[in-house]
Amino acid sequence: MKVFSFWAVAVAVCLCRIWVVDGFFEMNEEEIFYAEANASYYTESKSYNPNNALLVGLTLIKSAATKGAVCLDGTLPGYHWHRGYGSGANSWLIQLEGGGWCNSVRACVYRKTTRRGSSNYMEKQLAFTGILSNKAVENPDFFNWNRVKLRYCDGASFMGDSEHKAAQLQFRGQRIWSAAIEDLMSKGMRYANQALLSGCSAGGLASILHCDEFRNFFPRKTRVKCLSDAGLFLDAVDISGGRTLRNLYGGVVGLQGVQNNLPRICINHLDPTSCFFPQNVIGNVKTPLFILNAAYDSWQIQSSLAPPSADPAGYWSNCRKDHSKCSAPQIHFLQRFRNQMLNAIKGFSRSRQNGFVYKFMFCSLPIREARYMVWR
């Protein structure tokens with residue numbers, strides 16, 4: 001595994017998982033998706049524009065309708081695109097938006113009344129910051145590339161393909177992904193000299209699951225790589241001995257018809273829910289992949305390892321909000337989680353084309369510069 005520069009990247013950590021704590025811990029597992037979606041509102045809404053960042057307008061994908069590539073409520077999907085210029089005119093960066101998942105009809109019905117399920121509620125403009133910034137001092141490697149943010153409105157990391165007629169729900173994440181890439185290819189991406197697929201959180205999971213598919217859109221001469229930030233979600237045992245995240249993912253996979261779009265090499269020997277966990281996929285990704293993840297991931301600790309449903313007595317209440325308040329046994333439990341993450345990437349890290357960094361910070365911290373030592 002290499003930890004040296006591919007495109008020597010100096011970018012800001014993506015703004016995901018800024019927690020709105022009030023009201024979150026009263027939610028049940030079916031509503032976990034809402035916490036992340038609600039959190040993202042404060043980081044990406046039109047009212048949030050740090051340092052007078054570039055505002056980029058929303059483009060709806062007109063051709064998507066005939067392909068059935070629609071959001072949960074049937075509206076058109078969309079993306080924000082800022083054109084590249086100069087040395088970056090034929091280089092493309094695609095960022096897949098994150099924002100949790102919906103694993104039940106009830107959760108998805110609610111989600112379609114938000115920007116995470118309908119383009120009717122999406123911001124008409126988004127601030128491009130971090131890896132999307134147009135400022136060379138903030139984003140020296142990608143500032144003049146074609147930079148695209150693909151909006152997330154399906155609730156299954158761009159992987160589902162099903163519907164629920166009675167609830168008027170369209171689960172078309174896979175079609176949205178395909179329609180968006182095809183639309184961008186028609187607008188010049190097919191001429192790319194190099195292309196990077198990135199994503200944060202649920203979008204980071206999507207960037208892993210779609211990495212090889214992204215590679216296949218381009219001719220072999222095009223340099224293609226993938227970056228997953230905070231997308232390494234683990235199939236971990238929670239503090240009660242249960243598997244909260246596996247139960248959530250099982251609902252997502254079953255409800256949204258994800259199983260048909262998961263990597264065949266994984267499905268051939270594991271169940272579909274297991275193949276939605278990136279730890280079971282990364283070892284077989286052929287395209288160079290770089291993973292950036294917190295050693296002690298805040299979302300997974302709060303929502304997967306120690307959710308209120310697994311802690312009815314509230315023993316973990318203080319620890320999951322502030323790790324300086326964790327007891328020795330709780331610290332030991334969290335260290336086991338860190339070790340599980342490192343074990344999950346052992347096979348992946350043997351490839352010289354891949355890279356991995358685990359960071360001792362959470363996406364919930366203020367925006368900051370981070371040196372990503374990717375690949376040469």
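Everything numeric in this text was worked out from a predicted model, so none of it was measured. (Residues numbered from 1 in each chain as written. Predicted model: local features only at pLDDT ≥ 70, side-chain atom pairs only at ≥ 80, totals over all residues. Heavy atoms only, no water.)

Colleague: Can you explain the overall build of the chain? Please cite residues and give values.
Modeller: Helix and strand counts for the chain come out as 11 helices and 13 strands. Counting all 376 residues of the chain, 59% fall into the buried class. Put simply, of all contacts in the chain between residues at least 6 apart along the chain, 77% involve residues at least 24 apart. Summing over all exposed atoms, the chain offers an accessible surface of approximately 14,600 Å²; the carbon and sulfur share of this is 51%. (Helix = DSSP H or I, 4+ residues; strand = E, 2+ residues; numbered from the N terminus. Buried < 20%, exposed > 50% of the residue type's maximum accessible area, 1.4 Å probe, protein only. Contact = heavy atoms within 4.5 Å. Areas by Shrake-Rupley, 256 points an atom, 1.4 Å probe, with all protein chains shown as cover.)

Colleague: Before we move on, could you go through the packing of aromatic side chains and cite the residues and values that matter?
Modeller: In total, this model carries 14 aromatic pairs according to the counting rule given. Where tryptophan 101 meets phenylalanine 233, the ring centres are 5.1 Å apart and the plane angle is 80°; that geometry is what we call edge-to-face. Separated by 132 residues along the polypeptide, tryptophan 101 in the loop between β4 (91-96) and α2 (105-111) and phenylalanine 233 in the loop between β10 (223-229) and α6 (244-256) bring together distant segments of the chain. Per residue, the accessibility class of tryptophan 101 equals that of phenylalanine 233, and both read buried. (Phe/Tyr/Trp six-rings, centres within 6.5 Å; stacked < 30°, edge-to-face > 60°.)

Colleague: Mind laying out the packing of α6 against helix α8 (residues 298-305), listing which residues take part and the relevant values?
Modeller: Taken N-terminus to C-terminus, the directions of α6 and α8 make an angle of 85°; their axes are 8 Å apart at the nearest point. Relative to α8, the element α6 is oriented roughly perpendicular. Side by side, α6 and α8 meet where Thr244, Leu245 and Leu248 of the first sit next to Trp299, Ser303 and Ser304 of the second. The residue makeup of the contact of α6 with α8, split by class, is 3 nonpolar, 3 polar and no charged. (Axes fitted to C-alpha atoms, helices over the stretch in contact; angles between N-to-C directions. Parallel < 35°, antiparallel > 145°, perpendicular 65-115°, else oblique. Nonpolar A, V, L, I, M, F, W, Y, C, P; charged D, E, K, R; others polar.)

Colleague: Please provide a residue-by-residue account of unusual backbone geometry, values included.
Modeller: With a phi close to 55°, glutamine 168 is a non-glycine residue in the positive phi region. Tracing the backbone through its elements, the reader meets glutamine 168 in the loop between β7 (162-164) and β8 (169-171). Its identity as a non-glycine residue notwithstanding, alanine 230 has a phi of 60°, on the positive side. In this fold, alanine 230 is placed in the loop between β10 and α6.

Colleague: Residues and numbers for the state of the cysteines, please.
Modeller: Considering all chains together, one arrives at 5 disulfides under this definition. A disulfide bridge connects cysteine 102 with cysteine 108, and the sulfur atoms are separated by 2.1 Å. Between cysteine 102 and cysteine 108, the disulfide has an S-S torsion of 95° and is therefore right-handed. The pair cysteine 102 / cysteine 108 is uniform in exposure class, with both members buried. With its sulfur 1.9 Å from that of its partner, cysteine 319 forms a disulfide with cysteine 326. Handedness of the cysteine 319-cysteine 326 disulfide follows from its S-S torsion of about 85°: it is right-handed. Overall, the relative accessible area of 1% leaves cysteine 319 in the buried class. (Disulfide = S-S within 2.5 Å.)

Colleague: Give me the environment of glutamine 279: which residues, what numbers.
Modeller: Relative to the assigned elements, glutamine 279 resides in the loop between α7 (264-267) and β11 (289-294). Separated by 62 residues in the primary sequence, glutamine 279 and methionine 341 place their C-alpha atoms 8.4 Å from one another. Non-local contacts of glutamine 279, meaning those with residues more than four positions away in its chain, are made with Leu232, Phe233, Leu234, Asp235, Gln340 and Ala344. Among the polar contacts made by the side chain of glutamine 279, one reaches the main-chain amide nitrogen of aspartate 235 at a distance of 2.7 Å. (Polar contact = N/O pair within 3.5 Å; in protein donor to acceptor, adjacent residues only side chain to side chain.)

Colleague: Which residues make up the pattern of salt bridges, and what values go with them?
Modeller: Going through the model one piece at a time under the given rule, you end up with 15 salt bridges. Of the charged contacts in the structure, one is a salt bridge between arginine 243 and aspartate 235, with a shortest N-O distance of 3.1 Å. Taking the relative accessible area as the measure of exposure, arginine 243 reaches 32% and is therefore partly exposed. Since its relative accessible area comes to 13%, aspartate 235 is described here as buried. In this structure, arginine 320 engages aspartate 311 in a salt bridge whose closest nitrogen and oxygen atoms are separated by 3.5 Å. Here the two residues arginine 320 and aspartate 311 agree in accessibility, since each one is buried. Members of the salt-bridge network, linked through shared partners, are Glu97, Arg115, Arg116, Glu123 and Arg151. (Salt bridge = Lys/Arg side-chain N within 4 Å of Asp/Glu carboxyl O.)

Colleague: Tell me about the confidence of the model for the chain, residues and numbers included.
Modeller: The share of residues in the chain with pLDDT of 70 or more is 82%, and the mean pLDDT across the chain is 85. Confidence drops under a pLDDT of 50 for residues 1-47, and excluding neighbours within four residues, the segment shows 171 contacts in the predicted structure. For the stretch residues 360-376, pLDDT sits under 50, and the model shows 79 contacts to residues farther than four places along the chain or on other chains. (pLDDT = per-residue confidence, 0-100.)

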